[in-house]
Amino acid sequence: MNVITVNQVQDSIVDEFSVFDDWMDKYNLLIDMGKDIPAIDPKFKTRDFLIEGCQSKVWLHPEFRGKKIYFTADSDAIITKGIVGLLIRVFSGRTPDEIISAELYFIDKIGLRQNLSPTRSNGLLSMVRQIKLYAMAYKAKMS
Amino acid sequence: MKNIADIRSDFPILSTKVYGKPLIYFDNGATTQKPRCVIDSLNEVFTSYNANIHRGVHLLSDKASEEYEKAREKVRSFINAGKREEIIFTSGTTGSINAVAFSFGERFIKKGDEIVISNLEHHANIVPWQMMCERKDAKLRIIPVNDNGEIILEEYYKLLSPKTRLVAVTQVSNALGTMLPVRQIIETAHGMNIPVLVDGAQGVQHGITDVRGLNCDFYVFSGHKIYGPTGIGVLYGVEKWLAELPPYQGGGDMVENVTFEKTTYNELPFRFEAGTMNFPAAIGLGTALDYVLSIGRDNIQKMEQELLDYATKRLSSIDSLKIYGNSNSKISTISFLLKDIHQYDTGMILDKLGIAIRTGTHCAQPVMDRLGISGTVRASMCFYNTKEEIDVLATGIEKVISMFS
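Residues numbered from 1 in each chain as written. Chains lettered and ligands numbered in written order. Predicted model: local features only at pLDDT ≥ 70, side-chain atom pairs only at ≥ 80, totals over all residues.

Draft legend 1. Region of interest: the overall build of chain B. Each helix and strand counted, chain B has 14 helices and 17 strands in total. The buried share among the 405 residues of chain B stands at 48%. Put simply, of all contacts in chain B between residues at least 6 apart along the chain, 70% involve residues at least 24 apart. (Helix = DSSP H or I, 4+ residues; strand = E, 2+ residues; numbered from the N terminus. Buried ≥ 20, exposed ≤ 12 C-beta atoms within 10 Å, placed from the backbone. Contact = placed C-beta atoms within 7 Å.)

Draft legend 2. Spatial organisation of the interface of chain B and chain A. Listed per partner, the contact involves 11 residues of chain B and 12 residues of chain A. Secondary structure elements with two or more residues in the side of chain B that touches chain A: α12 (343-352), β16 (358-360) and α14 (387-404) of chain B. If you tally residues by element for the side of chain B that touches chain A, the top one is α12(B), at five residues. Here the side of chain B that touches chain A is built from residues that sort into six nonpolar, three polar and two charged. (Nonpolar A, V, L, I, M, F, W, Y, C, P; charged D, E, K, R; others polar.)

Draft legend 3. Spotlight on the sheet that holds strand β4 (residues 87-90) of chain B. All names here are of chain B. In spatial order, the strands read β4-β10-β9-β8-β7-β5-β6; together these seven strands make up an open sheet with mixed pairing. What marks the edges here is a single partner per strand, and that holds for β4 and β6 (139-143). Averaged over all pairs of adjacent strands, the angle between their axes in this sheet comes to 20°, without regard to strand direction. Inspection of the sheet shows strand β8 (residues 196-199) paired to strand β9 (residues 218-222) by three bridges, in the parallel sense. Bridge assignment links D199 to a residue of β9, and that residue is V220. Set on the sheet, helix α4 (residues 93-108) makes contact with β4, β7 (164-170), β8, β9 and β10 (233-237); between it and β10 the angle comes to about 35°. Taken strand by strand, helix α5 (residues 127-136) contacts β5 (114-118), β6 and β7, and its axis lies near 145° from that of β6. (Pairing = 2+ DSSP bridges. Axes fitted to C-alpha atoms, helices over the stretch in contact; angles between N-to-C directions.)

Draft legend 4. A look at the nonpolar core. Counting residues in hydrophobic clusters, the biggest one holds 143 residues, and the most contacted among them are V84(A), L87(A), V167(B), I185(B), V196(B), Y236(B) and A282(B). Looking at which element gives the most residues to this core, the answer is helix α3 (residues 78-91) of chain A, with nine residues. Here this core gathers at least three residues from each of two domains, domain 1 (4-30 + 297-404) and domain 2 (39-293) of chain B. In this structure, I185(B) is in contact with Y156(B), V167(B), V169(B), L180(B) and V196(B), ignoring residues within four places of it in sequence. (Core = buried A, V, L, I, M, F, W, Y, C linked by C-beta atoms within 7 Å. Domains from an automatic or database assignment.)

Draft legend 5. How the structure looks around the environment of I24(B). Residue and element names in this part refer to chain B. Among the structural elements, I24 can be located in strand β3 (residues 24-25). Assessed through the 24 C-beta atoms surrounding it within 10 Å, I24 is described here as buried. For the pair I24 and G177, spaced 153 residues apart in sequence, the C-alpha separation works out to 19 Å. Filtering out sequence-adjacent residues up to four positions away, I24 remains in contact with G354, I355, A356, E389, V392 and L393.

Draft legend 6. Representation of the packing of α12(B) against α14(B) in the model. Residues and elements named next belong to chain B. Look at α12 against α14: their axes get within 10 Å of each other, and the N-to-C directions meet at 120°. On the basis of the axis angle, α12 is oblique to α14. In this structure, α12 meets α14 at a crossing whose hand is right-handed. For the pair α12 and α14, contact is made by D345, T346, I349 and L350 and by G396, K399, V400, M403 and F404, respectively. Across the contact of α12 with α14, the residue classes break down as five nonpolar, two polar and two charged. (Parallel < 35°, antiparallel > 145°, perpendicular 65-115°, else oblique. Left-handed = near helix turned anticlockwise from the far one by under 90°.)

Draft legend 7. Up close: the sheet that holds strand β14 (residues 333-338) of chain B. All names here are of chain B. Pairing is antiparallel in the open sheet, where four strands are placed in the order β13-β14-β17-β16. Looking at which strands have only one partner, the edges of the open sheet turn out to be β13 (321-324) and β16. If you compare each strand with its neighbour and ignore which way they point, the axes differ by 30° on average. Sheet topology note: the β16/strand β17 (residues 376-380) ladder contains three bridges and is antiparallel. For T359, the partnering residue across the bridge sits in β17 and is V377.

Shown next as structure tokens:
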């Protein structure tokens, strides 16, 4: 049973970012978060798990255990790693239904979207789309 | 000569602030900012004489057509072309190259023929030739580059053969800033009766281009990279070639007589200008060229050389910074990477400091592959930039290094 909901995680991320006014500090936070993301097994750093649409490379690997999906990831750029880390905090260890129905508002609330260039913003959206696609695929397999 | 403060005040956007910090615009290789006179000239078209060119019998159409043709004459004189018939307006460099690749391909390319380009080309001077080669079963040959980012002329000489139909090279590498020895490239090709197209997108704004002096067969560039509006470009072609080429696109204004049985085409340059042209942008480009001449192209060269020398020295003094493209012959562009820091991370932080630079492959993936890197950070400067801005960039880079190490 999930005691902490998707939205509770989103809210705590928003809180953590709201401490800082300056975007340099927010970036420092993102950089730190990138260091803590669940590391992807190097054997999954292949084309199959590469997310297209970012200027930097992002690999995202899903694992389905006990009806939940667990994500691991990596990126060659540190800020991107922080961003994918945030998504993993929100989505990893959740059921496909939770992931499919989740509405992401933290990205706008912490100002990530408007503070990232469009290409990067697209990369962010590609990551979210990929996570949701994995959830749909696992859901289809379950039924 | 105008001082730098006066020059900067000609460009309204340069006093903009981003994230509360003064904008430092080092992305001139992507597009340049516009002086007030160019903005005013666009405004003037729309507020006082907007009407379709070459069509109406009425006063406004006449005036718009006249201004459009004046702009053509300004372009002709700016690049020292022989005749106005040799100046064709297009949508930009990409549009110009596609037009030549299509028309030249249709007329002259057969199976087994070869086109020579360099390893330094922008995708716009690669893909249209690849498409043409695919259509015609022809082959693309590539002039290799050395570790400094310069083409290897001896290898170029070896590539030329009786199969070579055209050489298409850039005047200046957009990714590294290297100036190519186009004069030698042209002389050698002409020795074998091979025509040469020069992509001037990164060259025309940084020096004095004389197409007759160079003796190139085609020369192309974009308006927006030389302080003019977007959506306008130039295709210069010597008359003897243009006269041989079939039109690229069909439509209004490019025709002489149309029946359902047969259409005959208009004369040069109109044969290559189908549909309503972007005449406001062409007029704006004419104004931009006037502006460049008013600053003086020799002055621009001098100012930009000083910026390049200063920036090269200043950035080289940063330990973990490596410059890519170390030719002695460069425009004021510096492509670099910081040790162990992704170019995108560098770009994101510099952006927050108000510094606009470009990151990535710069639409020139083959040269990145050649250098074994996934991209660079590119600071492309022009005459309205200052040494103080370079100092801010250097300080910003130090900050990036401290954040990511």
